[in-house]
Amino acid sequence: GDQVEQSPSALSLHEGTGSALRCNFTTTMRAVQWFRKNSRGSLINLFYLASGTKENGRLKSAFDSKERYSTLHIRDAQLEDSGTYFCAAEVPSNYNVLYFGSGTKLTVEP
Amino acid sequence: EAAVTQSPRNKVTVTGGNVTLSCRQTNSHNYMYWYRQDTGHGLRLIHYSYGAGNLQIGDVPDGYKATRTTQEDFFLLLELASPSQTSLYFCASSDALTGGYEQYFGPGTRLTVL
């Protein structure tokens with residue numbers, strides 16, 4: 001529900017630039033996942049973090065459970081990065097339930 | 001990576017209609033989930049299951065039933081569909097037994113209730 005606040009709701013980038021998406025949590029979360037919903041509507045797994053940072057190519061994610069936030073950094077954005085990005089977090093009381101943010105619609109322009 | 005498939009990919013029904021959405025995962029994951037996603041919102045959990053014959057209630061269960069017939073198959077049932085159930089439905093699975101809770105999603109089913 002409202003346990004995950006994701007921002008911005010929309011973001012436009014020119015190719016080659018970068019930015020960060022952020023999720024704030026209203027309570028302590030155990031772990032976070034980041035997804036991209038592509039043009040076909042499929043949810044692509046990007047990261048799963050229980051702490052610290054992970055990097056994969058031009059994407060980097062961080063999760064700080066104590067400070068109640070997670071970020072997803074995109075550098076050198078490409079056209080194929082366009083889509084809607086979601087974060088989702090696990091509450092400690094039930095690891096199997098994910099609470100989703102409302103998504104960030106990213107548009108990468110030439 | 002987990003393979004999760006859903007059928008049908010698109011479905012149109014009328015108010016009061018009976019709809020079954022199917023989900024199959026082929027990686028022996030124990031947990032399976034049904035979510036709905038509406039424009040401008042994140043996914044919301046309807047029902048989930050930790051094994052054949054088990055069913056757990058999610059955050060938005062009203063108007064939905066579900067049944068887990070096997071380790072691989074999880075069905076979502078709308079017995080009296082209403083226009084408010086027009087949505088994009090995602091199925092997911094995870095393998096909590098090995099300590100990982102990362103969820104893997106199917107391609108989604110778009111349901112329209114007229």
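Residues numbered from 1 in each chain as written. Chains lettered and ligands numbered in written order. Predicted model: local features only at pLDDT ≥ 70, side-chain atom pairs only at ≥ 80, totals over all residues. Heavy atoms only, no water.

Trainee: Lay out the interface of chain A and chain B in plain terms, naming residues and giving numbers.
Mentor: Contact with chain A, which involves 21 residues of that partner, is made by 23 residues of chain B. Together, the buried faces of chain A and chain B total about 1,700 Å²; carbon and sulfur atoms form 52% of this surface. Joining chain A to chain B, the criterion identifies zero salt bridges. Inspection of the region where chain A meets chain B yields four residue pairs in polar contact (both at pLDDT 80 or more). Elements that contribute at least two residues to the side of chain A that touches chain B include exactly strand S4 (31-37), strand S5 (43-49), strand S9 (83-91) and strand S10 (94-100) of chain A. The dominant element in the side of chain A that touches chain B, judged by the number of residues it contributes, is S10 of chain A, at seven residues. A class-by-class count of the residues in the side of chain A that touches chain B yields nine nonpolar, eight polar and four charged. (Contact = heavy atoms within 4.5 Å. Buried area = accessible area lost by both parts, 1.4 Å probe. Salt bridge = Lys/Arg side-chain N within 4 Å of Asp/Glu carboxyl O. Polar contact = N/O pair within 3.5 Å; in protein donor to acceptor, adjacent residues only side chain to side chain. Helix = DSSP H or I, 4+ residues; strand = E, 2+ residues; numbered from the N terminus. Nonpolar A, V, L, I, M, F, W, Y, C, P; charged D, E, K, R; others polar.)

Trainee: I'd like a rundown of the environment of Leu21 of chain A, residues and numbers included.
Mentor: Residues and elements named next belong to chain A. Within the secondary structure, Leu21 is located in strand S3 (residues 19-25). C-alpha separation for the pair Leu21 and Lys66, spaced 45 residues apart in sequence, amounts to 19 Å. Apart from residues no more than four positions distant in its own chain, Leu21 is found in contact with Ser7, Pro8, Leu11, Trp34, Ser70, Thr71, Leu72, Tyr85 and Thr104.

Trainee: How would you explain the state of the cysteines if you had to name every residue and give the values?
Mentor: All names here are of chain A. Tallying each qualifying case throughout the model produces two disulfides over all chains. Between the sulfur atoms of Cys23 and its disulfide mate Cys87 the distance is 1.9 Å. Here the S-S torsion is close to -100°, and the disulfide linking Cys23 with Cys87 is therefore left-handed. Highlighted residues: Cys23 in strand S3 and Cys87 in strand S9, separated in sequence by 64 residues. (Disulfide = S-S within 2.5 Å.)

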